[in-house]
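Residue-level structure breakdown
Below are the chains, spelled out letter by letter.
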Amino acid sequence: VLVVAANDGIMPQTREAIAHSKAAGKTIIVAINKCDLPAADPVKTKSGLMEEGLVPTDFGGNVECVEVSALTGDGIDDLLGLLVLQSEVLELQANPKANCRASIIEARVEPGTGSSATAIVESGTIRVGMPFICGPYAGKVRALVNDHGERVKKVGPGMPVEITGFSETPNVGDELVEMENERAAKKLGEERQEELRKQRLAQPRKARMEELLAMMGDGTQLKILLKGDVQGSVEAIKKAIMDIQSDKVECVFLNASAGPISESDVLLASSSDAVILGFNVKVEANAVKLLKREGVQVKLYSIVYELIDQVRDAMLGLLEPETRETIIGHAKVLQVFKLNKGRAAGCMVEDGKILRSCEARVIRDKTPVFDGKMSTLRRFQDEVEEVKAGLECGIRLGDFNEYEAGDIIECYTLEKIQQTL
C-alpha cells in the first residue's frame, strides 16, 4: 500500500517507495491520504502517479487508488475491502498449523524491555513461550502485542505483531523460524554466529604500512556513529549515505544501531574522532555531561533528507579547496638595470596584462627559475598597479636578482575552487 498525501502529492520518498515496490514486483494499491483537508487535490496526485508510471483505474490503468482520511476514517473500509479483494485475486493463502515463520519488518531497543521487533506472520501461529531463531540470534517469545496495542497469547498468518524476547536486536528482513526447543535454537544461533565470525576473519586486511600509506594519500574519511529510533530507519539511512558517490571522501560507520545515544557511544566517537548522528532519538541524561567534556559533536534529526543533505555537505567540507592558476599576461625582459638594492628587469608586455597584486614567475629556456610575489611594477618613475600589452615597464620579483635579457615573466592569479565529491 503506497500512502500519498493529497495536499503534498508525489514527494522524493514517494518516488523511492515506488522504485522499491516495482523492483520487488509487488502489486501496488495507492491510498491517497488527508483527503479531508481543504488543500487536498486527489486529481493532481493521480496525475503525479501517472508521471511515475502508475496509471490509476480512473484514467484507464490497472492501479487501484482509494481516497482516505486517517483523521476522520473516511475511505478506510474501502481500502480494507480492496485489500481483501486483491488477496483473493492473487490467491494469497497460509497454513496456521504449519511451522511458524515470520518476517521482521522493524526492530528497536525499548528501555526496560530490551530488544523487540515488529513482524508479519507468514505461516503457522506464533505463541508466547515459543523458542525461535532469527538470523544469528536465538530467543524465546516473552510477550506478543497486536496492532491494537493489546497483549495476546498467539497470532496467526498475515497479522502484524510486536515480539519481545530477542537476545539481540535483529535486522530488518531477517526471518523468524520456530524451533523445537531452546537448546536447539541456541545451538543453531551459536553455529550461525561462528560462521559470521569466520567470514569476518576471512576478509583480507591491510598491513599496517598499507594503512599508513592510505592515511597519507588523497583519501579522506568521514567517521559516523549512527543511532536511530528503529532498525529499519538505521539501515535505510546508512544505505542512503553509502549511496553518495565520491572518489575523494569515504564514509566509515563505526556503529549503526537502534536506541538512544549512550555514554558508550560518546566514548567511541571521542576515541575515533567521529560525529554522532541521531534520527528520532534522544541523548541519555548521563551522556550529556560526557558530550560536553569530550567535545563530541552530536547532530539530531527528524527528517531523513535533511540528514542526508547535511552529511553530503560535511563530506564536501572535508575537501580542501583546489587552487586554480589563471595566466593573465607575459612580459619579455629587454634589459637588466642595477639598483641600490639589487636588480630590476626592463620589460615589454607581450600579451594580456601585468598586475602588481598577482603572482609571477621567471621562465628561462621554457624552464621556471623563480616563482614569487611581485614587489615592484613601474612605468618610468611611477609605481602602477597594471600595465597592458604593448607597453614597457620595470619589474622586480621579491629578492630575485638573476634576470637575463630574453627571460619571460609570466603573471598569473591563484583562485581557490571548492572541490566536488
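Residues numbered from 1 in each chain as written. Predicted model: local features only at pLDDT ≥ 70, side-chain atom pairs only at ≥ 80, totals over all residues. Heavy atoms only, no water.

1. Overview of the sheet that holds strand β2 (residues 29–33)
Sheets are built from strands that pair by backbone hydrogen bonding, the pairs being arranged parallel or antiparallel. The sheet built from three strands is open, its strands ordered β1-β2-β3 with parallel pairing. Each end of this open sheet is capped by a strand with a single partner; those strands are β1 (2–5) and β3 (64–67). In this sheet, adjacent strand axes meet at a mean angle of 25° when their direction is disregarded. When β1 meets β2, the two strands line up parallel, connected through four bridges. Bridge assignment links Val-4 to a residue of β2, and that residue is Ile-32. (Pairing = 2+ DSSP bridges. Helix = DSSP H or I, 4+ residues; strand = E, 2+ residues; numbered from the N terminus. Axes fitted to C-alpha atoms, helices over the stretch in contact; angles between N-to-C directions.)

2. Let's talk about the confidence of the model for the chain
In the predicted model, the chain carries a mean pLDDT of 87, and 95% of its residues have values of at least 70. Scored below 50 in pLDDT, residues 204–219 shows six contacts in the model against residues more than four places distant or in partner chains. (pLDDT = per-residue confidence, 0-100. Contact = heavy atoms within 4.5 Å.)

3. Considering the nonpolar core
Taken as a class, soluble globular proteins show a tendency for nonpolar side chains to be buried jointly. Of all hydrophobic cores here, the largest spans 22 residues; its most connected members are Cys-347, Ile-354, Ile-395, Leu-397 and Ile-409. Sorting the residues of this core by element identifies β17 (322–339), β18 (342–355), β19 (359–364), β20 (367–379), β23 (392–397) and β24 (408–417) as the ones contributing at least two each. Per-element tally for this core: the top contributor is β18, with five residues. One finds Ile-237, Ile-244, Ile-308 and Leu-319 within the second-largest nonpolar core, a separate group that totals 19 residues. (Core = buried A, V, L, I, M, F, W, Y, C linked by side-chain atoms within 4.5 Å. Buried < 20%, exposed > 50% of the residue type's maximum accessible area, 1.4 Å probe, protein only.)

4. Remarks on helix α7 (residues 263–272)
Taken together, the buried positions of α7 are Asp-265, Val-266, Ala-269 and Ser-272. Seen from one end, α7 has its buried residues packed into an arc of 145°, which puts them on one side. A positive phi of about 55° marks Asp-273, the residue just after α7. (Arc of directions from axis to C-beta.)

5. Focus on helix α3 (residues 76–89)
Helix length check: α3 (14 residues) gives 20 Å between terminal C-alpha atoms against 20 Å at 1.5 Å per residue, within 8%. Looking only at α3, the buried set comprises Leu-79, Leu-82 and Gln-86. Each buried residue of α3 lies within a common arc of 60° when the element is viewed along its axis, so the set occupies one face. Projecting away from the buried face of α3 at angles above 90 degrees are the exposed residues Asp-77 and Glu-88. A positive backbone phi angle near 55° is found at Glu-91, which sits one or two residues after α3. (Expected span 1.5 Å × (residues − 1).)

6. Regarding the pairing of β2
When a strand is regular, its side chains alternate between the sheet's two faces. Most of β2 sits out of view: five of its five residues are buried. On β2, burial covers both faces: Ile-29, Ala-31 and Asn-33 on one face and Val-30 and Ile-32 on the other are all buried. Sheet topology places β2 next to β3; four bridges connect them, and they run parallel. Bridged to Ile-32 within β3 is Glu-67. In this region the chain leaves β2, passes through helix α2 (residues 42–51) and returns to the parallel neighbour β3; the handedness of that crossover is right-handed. (Right-handed = clockwise from strand over helix to strand, strands pointing away.)

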